[in-house]
Amino acid sequence: MTDSDQNNLERLESLYDRLAQSELFTRYHNAFLKATGLPLHLEFAANPDDSLCVKGENENPFCQAINPDNSNCEACLETTQKLRDGLDGEIHNLQCFAGMQETAVPIRSGNTLVAYLKTGEIFVDPPTPDRFNSVAEILFDEGFPNEKMDQLRDAWLATPVVDEEKYRAISTMLITFGAQLSGALDDLILQTKDHDPPAVARAKEFIQNHLQDPIPLPDVARHAGLSEHHFSRVFKQVAGIPFTEYVNRARVELAKQKLLNPHARVTEVAYDVGFQSLSQFNRSFARFTGISPTRFRQQHLDTTASPKPPSRSAG
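Overview of the structure. Keep in mind it's a predicted model, so treat the numbers as computed, not measured.

**What about empty space enclosed by the protein?**
Thought 1: Inspection of every chain in the model, using the stated rule, returns two cavities of 30 Å³ or more.
Thought 2: Roughly 50 Å³ of volume is contained in the second largest cavity.
Thought 3: Together, Arg-11, Ser-14, Leu-15, Arg-18, Ile-189, Ala-239, Gly-240 and Ile-241 line the second largest cavity.
Thought 4: The leading source of residues in the lining of the second largest cavity is helix H1 (residues 3-20), at four residues.
Thought 5: Looking at the lining of the second largest cavity residue by residue, the classes come out as four nonpolar, two polar and two charged.

**Some thoughts on unusual backbone geometry**
Thought 1: Phi angles above zero are rare outside glycine, and Glu-121 is one such case at about 60°.
Thought 2: Residue position: Glu-121 is located in strand S4 (residues 112-122).

**So, helix H8 (residues 198-209)**
Thought 1: For H8, built from 12 residues, the straight-helix expectation of 16 Å at 1.5 Å per residue is met to within 8% by its first-to-last C-alpha distance of 17 Å.
Thought 2: Where H8 is concerned, the buried positions are Ala-199, Val-200, Ala-203, Lys-204, Phe-206 and Ile-207. In a view along the axis of H8, the buried residues occupy a sector of 160°, so they form one face of it. Away from its buried face by more than 90 degrees, H8 exposes Pro-198, Glu-205 and Asn-209.
Thought 3: Buried residues belonging to H8 abut helix H7 (164-190), helix H9 (217-224), helix H10 (228-239) and helix H11 (243-259).

**Some details on the layout of surface pockets**
Thought 1: As a volume, the second largest pocket reaches approximately 350 Å³.
Thought 2: Looking at the second largest pocket, it is lined by 17 residues, and the ones nearest its centre are Asn-7, Glu-10, Arg-11, Lys-236 and Gly-240.
Thought 3: If one sorts the elements of the lining of the second largest pocket by residue count, H1 sits on top with seven residues.
Thought 4: Grouping the amino acids of the lining of the second largest pocket by side-chain chemistry returns three nonpolar, seven polar and seven charged.

**Some details on the sheet that holds strand S2 (residues 92-95)**
Strand pairing in a sheet takes place through backbone hydrogen bonds and is either antiparallel or parallel in direction.
Thought 1: Strands sit in the order S1-S4-S3-S2 across an open sheet of four strands; the sheet is antiparallel. Each of the sheet's edge strands pairs with one partner strand only, and the pair in question is strand S1 (41-44) and S2. Looking at each pair of strands side by side, their axes are set apart by 30° on average, direction ignored.
Thought 2: On the sheet, H7 packs against S1, S2, strand S3 (101-109) and S4 and is oriented at approximately 20° with respect to S3.

**A closer look at the packing of aromatic side chains**
Thought 1: All chains considered together, the criterion is met by 14 aromatic pairs.
Thought 2: Judged by centre distance (5.0 Å) and plane angle (70°), the ring pair of Phe-123 and Trp-156 falls under edge-to-face. Taken together, the residues Phe-123 in the loop between S4 and helix H5 (132-141) and Trp-156 in helix H6 (residues 149-157) connect sequence positions 33 residues apart. Each member of the pair, Phe-123 as well as Trp-156, carries the same accessibility label: buried.
Thought 3: Here Phe-235 and Tyr-246 contribute two aromatic rings whose centre-to-centre distance is 5.2 Å and whose plane-to-plane angle is 85°, an arrangement assigned as edge-to-face. Pair noted here: Phe-235 is in helix H10 and Tyr-246 is in helix H11, with a separation of 11 residues, a long-range link. Each member of the pair, Phe-235 as well as Tyr-246, carries the same accessibility label: buried.
Thought 4: Among the aromatic residues, ring-to-ring pairing joins Phe-25, Tyr-28, Phe-32 and Phe-177 into one connected group.

How each quantity is defined
Residues numbered from 1 in each chain as written. Predicted model: local features only at pLDDT ≥ 70, side-chain atom pairs only at ≥ 80, totals over all residues. Heavy atoms only, no water. 1 Å grid on protein atoms, 1.4 Å probe; cavity = no way out; pocket = protein on both sides within 12 Å on 5 of 7 lines; lining within 4 Å. Points joined across faces, edges and corners; volume = space filled by probe spheres on them. Helix = DSSP H or I, 4+ residues; strand = E, 2+ residues; numbered from the N terminus. Nonpolar A, V, L, I, M, F, W, Y, C, P; charged D, E, K, R; others polar. Expected span 1.5 Å × (residues − 1). Buried < 20%, exposed > 50% of the residue type's maximum accessible area, 1.4 Å probe, protein only. Arc of directions from axis to C-beta. Contact = heavy atoms within 4.5 Å. Pairing = 2+ DSSP bridges. Axes fitted to C-alpha atoms, helices over the stretch in contact; angles between N-to-C directions. Phe/Tyr/Trp six-rings, centres within 6.5 Å; stacked < 30°, edge-to-face > 60°.

Here is the structure:
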(Lines give C-alpha, C1' and ligand atoms only; values in the text may rest on other atoms or scores of the structure.)
Protein backbone atom coordinates (compact mmCIF):
# COMPACT_ATOMS: atom_id res chain seq x y z
CA MET A 1 0.00 0.00 0.00
CA THR A 2 1.38 3.40 -0.97
CA ASP A 3 1.59 6.33 1.45
CA SER A 4 -1.23 7.99 -0.49
CA ASP A 5 -3.45 4.91 -0.15
CA GLN A 6 -2.65 4.66 3.55
CA ASN A 7 -3.48 8.33 4.11
CA ASN A 8 -6.77 7.94 2.25
CA LEU A 9 -7.66 4.85 4.29
CA GLU A 10 -6.93 6.65 7.54
CA ARG A 11 -9.03 9.62 6.42
CA LEU A 12 -11.99 7.39 5.56
CA GLU A 13 -11.68 5.47 8.82
CA SER A 14 -11.64 8.71 10.79
CA LEU A 15 -14.74 9.88 8.94
CA TYR A 16 -16.47 6.55 9.57
CA ASP A 17 -15.66 6.73 13.30
CA ARG A 18 -17.14 10.21 13.56
CA LEU A 19 -20.27 9.10 11.73
CA ALA A 20 -20.71 5.99 13.90
CA GLN A 21 -20.34 8.11 17.05
CA SER A 22 -22.57 10.95 15.85
CA GLU A 23 -25.76 11.89 17.64
CA LEU A 24 -27.69 11.50 14.39
CA PHE A 25 -26.70 7.84 13.95
CA THR A 26 -27.18 7.03 17.64
CA ARG A 27 -30.71 8.46 17.69
CA TYR A 28 -31.76 6.66 14.52
CA HIS A 29 -30.09 3.41 15.56
CA ASN A 30 -31.99 3.31 18.85
CA ALA A 31 -35.30 4.27 17.21
CA PHE A 32 -34.87 1.65 14.48
CA LEU A 33 -34.19 -1.13 16.99
CA LYS A 34 -37.27 -0.27 19.04
CA ALA A 35 -39.59 0.31 16.07
CA THR A 36 -38.68 -2.77 14.02
CA GLY A 37 -37.17 -5.27 16.44
CA LEU A 38 -34.47 -5.89 13.83
CA PRO A 39 -30.72 -5.33 14.13
CA LEU A 40 -28.95 -2.40 12.48
CA HIS A 41 -25.25 -2.05 11.82
CA LEU A 42 -22.96 0.55 10.28
CA GLU A 43 -19.97 -1.21 8.71
CA PHE A 44 -16.75 0.46 7.56
CA ALA A 45 -16.56 -0.16 3.80
CA ALA A 46 -12.78 -0.68 3.67
CA ASN A 47 -12.89 -3.92 5.67
CA PRO A 48 -13.11 -6.40 2.75
CA ASP A 49 -12.52 -9.44 4.99
CA ASP A 50 -15.28 -8.59 7.48
CA SER A 51 -18.73 -10.11 7.26
CA LEU A 52 -21.69 -7.74 7.22
CA CYS A 53 -23.46 -9.92 9.81
CA VAL A 54 -25.33 -7.52 12.07
CA LYS A 55 -23.93 -7.84 15.58
CA GLY A 56 -25.17 -6.38 18.85
CA GLU A 57 -28.70 -5.72 20.04
CA ASN A 58 -31.44 -7.68 18.22
CA GLU A 59 -28.76 -9.88 16.66
CA ASN A 60 -30.13 -12.92 14.85
CA PRO A 61 -29.82 -16.00 17.12
CA PHE A 62 -28.62 -18.23 14.28
CA CYS A 63 -25.95 -15.75 13.15
CA GLN A 64 -24.82 -15.43 16.75
CA ALA A 65 -24.59 -19.21 17.08
CA ILE A 66 -22.38 -19.67 14.00
CA ASN A 67 -20.23 -16.61 14.79
CA PRO A 68 -19.96 -16.65 18.61
CA ASP A 69 -16.52 -15.04 18.62
CA ASN A 70 -17.13 -12.80 15.55
CA SER A 71 -15.20 -15.27 13.39
CA ASN A 72 -16.63 -15.19 9.89
CA CYS A 73 -17.42 -18.42 8.07
CA GLU A 74 -16.83 -18.60 4.32
CA ALA A 75 -20.57 -18.77 3.56
CA CYS A 76 -21.18 -15.50 5.45
CA LEU A 77 -18.27 -13.81 3.69
CA GLU A 78 -19.62 -14.94 0.33
CA THR A 79 -22.98 -13.32 1.12
CA THR A 80 -21.16 -10.18 2.23
CA GLN A 81 -19.30 -9.97 -1.07
CA LYS A 82 -22.56 -10.34 -3.00
CA LEU A 83 -24.08 -7.51 -1.00
CA ARG A 84 -21.10 -5.28 -1.68
CA ASP A 85 -21.02 -6.15 -5.36
CA GLY A 86 -24.67 -5.16 -5.68
CA LEU A 87 -24.34 -1.74 -4.08
CA ASP A 88 -24.19 0.29 -7.28
CA GLY A 89 -27.56 1.86 -6.48
CA GLU A 90 -29.02 3.01 -3.19
CA ILE A 91 -30.04 -0.41 -1.81
CA HIS A 92 -29.37 -4.10 -2.35
CA ASN A 93 -31.40 -7.09 -1.17
CA LEU A 94 -30.51 -10.78 -1.30
CA GLN A 95 -30.85 -14.07 0.54
CA CYS A 96 -27.91 -15.45 2.48
CA PHE A 97 -26.87 -19.09 2.37
CA ALA A 98 -29.28 -19.82 5.24
CA GLY A 99 -32.25 -18.42 3.30
CA MET A 100 -32.53 -15.18 5.25
CA GLN A 101 -33.28 -11.82 3.67
CA GLU A 102 -30.50 -9.23 4.06
CA THR A 103 -30.45 -5.59 3.02
CA ALA A 104 -27.61 -3.07 2.76
CA VAL A 105 -27.49 0.61 1.81
CA PRO A 106 -24.25 2.39 0.80
CA ILE A 107 -23.18 5.53 2.67
CA ARG A 108 -21.11 7.79 0.43
CA SER A 109 -19.31 11.09 0.57
CA GLY A 110 -19.74 12.28 -3.01
CA ASN A 111 -18.65 9.27 -5.08
CA THR A 112 -16.54 7.78 -2.28
CA LEU A 113 -17.99 4.78 -0.47
CA VAL A 114 -17.48 5.16 3.28
CA ALA A 115 -19.78 2.63 4.98
CA TYR A 116 -22.70 0.23 4.65
CA LEU A 117 -25.92 0.45 6.64
CA LYS A 118 -27.30 -3.06 7.04
CA THR A 119 -30.32 -4.82 8.50
CA GLY A 120 -32.31 -7.99 7.91
CA GLU A 121 -31.35 -11.56 8.72
CA ILE A 122 -35.04 -12.41 8.74
CA PHE A 123 -37.40 -14.74 6.90
CA VAL A 124 -40.26 -13.48 4.77
CA ASP A 125 -41.74 -17.01 4.83
CA PRO A 126 -41.90 -19.11 8.02
CA PRO A 127 -38.99 -21.57 8.32
CA THR A 128 -39.61 -25.32 8.53
CA PRO A 129 -37.38 -28.08 9.91
CA ASP A 130 -37.16 -29.71 6.46
CA ARG A 131 -35.71 -26.55 4.92
CA PHE A 132 -32.88 -26.65 7.43
CA ASN A 133 -31.44 -29.79 5.83
CA SER A 134 -29.83 -27.89 2.94
CA VAL A 135 -28.44 -25.31 5.40
CA ALA A 136 -26.99 -28.12 7.53
CA GLU A 137 -25.12 -29.49 4.51
CA ILE A 138 -23.39 -26.14 4.02
CA LEU A 139 -22.54 -25.96 7.71
CA PHE A 140 -21.04 -29.46 7.58
CA ASP A 141 -18.84 -28.33 4.67
CA GLU A 142 -17.80 -25.32 6.74
CA GLY A 143 -16.59 -27.65 9.50
CA PHE A 144 -19.40 -27.35 12.03
CA PRO A 145 -19.62 -30.60 14.07
CA ASN A 146 -22.69 -32.84 13.89
CA GLU A 147 -23.31 -32.51 17.63
CA LYS A 148 -23.89 -28.78 17.22
CA MET A 149 -26.61 -29.13 14.56
CA ASP A 150 -29.52 -29.38 16.99
CA GLN A 151 -28.50 -26.07 18.58
CA LEU A 152 -28.10 -24.44 15.16
CA ARG A 153 -31.45 -25.80 13.95
CA ASP A 154 -33.25 -24.36 17.00
CA ALA A 155 -31.56 -20.99 16.50
CA TRP A 156 -32.43 -21.03 12.77
CA LEU A 157 -36.09 -21.79 13.52
CA ALA A 158 -36.14 -18.92 16.04
CA THR A 159 -35.27 -16.38 13.32
CA PRO A 160 -37.90 -13.57 13.11
CA VAL A 161 -40.42 -13.68 10.27
CA VAL A 162 -41.41 -10.37 8.63
CA ASP A 163 -43.95 -10.28 5.81
CA GLU A 164 -42.79 -8.80 2.49
CA GLU A 165 -44.90 -5.63 2.67
CA LYS A 166 -43.59 -4.72 6.12
CA TYR A 167 -40.02 -5.52 5.10
CA ARG A 168 -40.33 -3.24 2.05
CA ALA A 169 -41.43 -0.45 4.41
CA ILE A 170 -38.42 -1.13 6.65
CA SER A 171 -36.13 -1.05 3.60
CA THR A 172 -37.59 2.34 2.63
CA MET A 173 -36.73 3.63 6.11
CA LEU A 174 -33.20 2.34 5.61
CA ILE A 175 -32.84 4.14 2.26
CA THR A 176 -34.14 7.40 3.71
CA PHE A 177 -31.78 7.31 6.66
CA GLY A 178 -28.88 6.23 4.47
CA ALA A 179 -29.39 9.38 2.41
CA GLN A 180 -29.41 11.47 5.60
CA LEU A 181 -26.19 9.87 6.80
CA SER A 182 -24.52 10.51 3.43
CA GLY A 183 -25.57 14.15 3.65
CA ALA A 184 -24.27 14.37 7.22
CA LEU A 185 -20.78 13.29 6.19
CA ASP A 186 -19.93 16.71 4.72
CA ASP A 187 -21.10 18.43 7.90
CA LEU A 188 -18.96 16.10 10.01
CA ILE A 189 -15.89 16.84 7.89
CA LEU A 190 -16.28 20.58 8.37
CA GLN A 191 -17.47 20.47 11.97
CA THR A 192 -15.32 22.06 14.65
CA LYS A 193 -15.07 19.63 17.54
CA ASP A 194 -14.96 20.72 21.19
CA HIS A 195 -11.57 19.07 21.63
CA ASP A 196 -9.95 20.66 18.55
CA PRO A 197 -6.65 22.37 19.41
CA PRO A 198 -7.15 26.16 19.74
CA ALA A 199 -4.98 26.81 16.67
CA VAL A 200 -7.12 24.54 14.47
CA ALA A 201 -10.35 25.96 15.88
CA ARG A 202 -9.15 29.50 15.10
CA ALA A 203 -8.20 28.40 11.58
CA LYS A 204 -11.61 26.82 10.91
CA GLU A 205 -13.39 29.94 12.15
CA PHE A 206 -11.18 32.14 9.97
CA ILE A 207 -11.90 29.96 6.92
CA GLN A 208 -15.67 30.03 7.48
CA ASN A 209 -15.61 33.82 7.81
CA HIS A 210 -13.58 34.37 4.63
CA LEU A 211 -14.91 31.80 2.17
CA GLN A 212 -15.75 34.47 -0.38
CA ASP A 213 -12.20 35.83 -0.30
CA PRO A 214 -8.85 34.31 -1.30
CA ILE A 215 -7.61 32.14 1.60
CA PRO A 216 -3.85 31.61 1.25
CA LEU A 217 -2.40 29.01 3.58
CA PRO A 218 0.24 31.43 4.99
CA ASP A 219 -2.50 33.85 6.10
CA VAL A 220 -4.44 31.10 7.89
CA ALA A 221 -1.30 29.66 9.48
CA ARG A 222 -0.36 33.12 10.73
CA HIS A 223 -3.87 33.61 12.12
CA ALA A 224 -3.57 30.23 13.87
CA GLY A 225 -0.20 31.24 15.34
CA LEU A 226 1.78 28.43 13.69
CA SER A 227 4.41 28.08 10.98
CA GLU A 228 3.11 27.00 7.58
CA HIS A 229 4.67 23.54 7.75
CA HIS A 230 3.54 22.86 11.32
CA PHE A 231 0.06 24.22 10.61
CA SER A 232 -0.40 22.02 7.51
CA ARG A 233 0.61 18.91 9.43
CA VAL A 234 -1.53 19.65 12.51
CA PHE A 235 -4.56 20.76 10.50
CA LYS A 236 -4.58 17.59 8.38
CA GLN A 237 -4.12 15.41 11.46
CA VAL A 238 -7.03 17.03 13.29
CA ALA A 239 -9.45 17.71 10.41
CA GLY A 240 -8.70 14.42 8.67
CA ILE A 241 -8.23 16.15 5.30
CA PRO A 242 -5.65 18.59 3.89
CA PHE A 243 -6.14 22.35 4.27
CA THR A 244 -6.99 22.95 0.59
CA GLU A 245 -9.61 20.20 0.53
CA TYR A 246 -11.19 21.59 3.70
CA VAL A 247 -11.48 25.05 2.13
CA ASN A 248 -13.01 23.68 -1.07
CA ARG A 249 -15.47 21.51 0.85
CA ALA A 250 -16.54 24.50 2.93
CA ARG A 251 -17.07 26.54 -0.23
CA VAL A 252 -19.16 23.76 -1.78
CA GLU A 253 -21.33 23.61 1.35
CA LEU A 254 -21.94 27.36 1.10
CA ALA A 255 -22.66 26.97 -2.62
CA LYS A 256 -25.35 24.38 -1.83
CA GLN A 257 -27.25 27.02 0.14
CA LYS A 258 -26.90 29.64 -2.58
CA LEU A 259 -27.99 27.23 -5.32
CA LEU A 260 -31.38 26.88 -3.63
CA ASN A 261 -32.11 30.38 -4.90
CA PRO A 262 -33.59 29.64 -8.35
CA HIS A 263 -32.66 33.13 -9.58
CA ALA A 264 -28.93 32.78 -8.81
CA ARG A 265 -26.81 31.84 -11.80
CA VAL A 266 -24.37 28.97 -11.29
CA THR A 267 -21.49 31.16 -12.46
CA GLU A 268 -22.39 33.82 -9.91
CA VAL A 269 -22.55 31.25 -7.13
CA ALA A 270 -19.13 29.88 -8.10
CA TYR A 271 -17.45 33.26 -7.71
CA ASP A 272 -19.55 34.26 -4.69
CA VAL A 273 -18.20 31.33 -2.67
CA GLY A 274 -14.59 31.98 -3.61
CA PHE A 275 -13.80 29.76 -6.58
CA GLN A 276 -11.57 31.34 -9.21
CA SER A 277 -13.25 29.73 -12.20
CA LEU A 278 -16.45 27.95 -13.14
CA SER A 279 -14.56 24.82 -14.20
CA GLN A 280 -12.83 24.60 -10.80
CA PHE A 281 -16.18 25.00 -9.08
CA ASN A 282 -17.83 22.30 -11.19
CA ARG A 283 -14.98 19.85 -10.58
CA SER A 284 -14.96 20.41 -6.82
CA PHE A 285 -18.74 20.29 -6.54
CA ALA A 286 -18.97 16.99 -8.45
CA ARG A 287 -16.11 15.50 -6.47
CA PHE A 288 -17.67 16.22 -3.09
CA THR A 289 -21.34 15.65 -3.93
CA GLY A 290 -21.28 13.21 -6.82
CA ILE A 291 -23.41 15.47 -9.06
CA SER A 292 -23.09 18.78 -10.90
CA PRO A 293 -24.27 22.09 -9.37
CA THR A 294 -27.06 22.30 -11.93
CA ARG A 295 -28.26 18.78 -11.17
CA PHE A 296 -28.08 19.48 -7.43
CA ARG A 297 -30.30 22.52 -7.82
CA GLN A 298 -32.79 20.66 -10.01
CA GLN A 299 -33.10 17.83 -7.51
CA HIS A 300 -33.59 20.07 -4.49
CA LEU A 301 -35.90 22.58 -6.14
CA ASP A 302 -38.03 19.71 -7.47
CA THR A 303 -38.49 18.34 -3.96
CA THR A 304 -39.27 21.71 -2.37
CA ALA A 305 -41.49 23.15 -5.10
CA SER A 306 -45.06 23.76 -4.01
CA PRO A 307 -47.70 21.75 -5.86
CA LYS A 308 -49.65 23.72 -8.40
CA PRO A 309 -53.26 24.48 -7.41
CA PRO A 310 -55.86 22.53 -9.37
CA SER A 311 -57.10 24.39 -12.44
CA ARG A 312 -60.67 25.63 -12.42
CA SER A 313 -62.91 24.89 -15.31
CA ALA A 314 -64.73 27.84 -16.76
CA GLY A 315 -68.35 28.18 -15.87
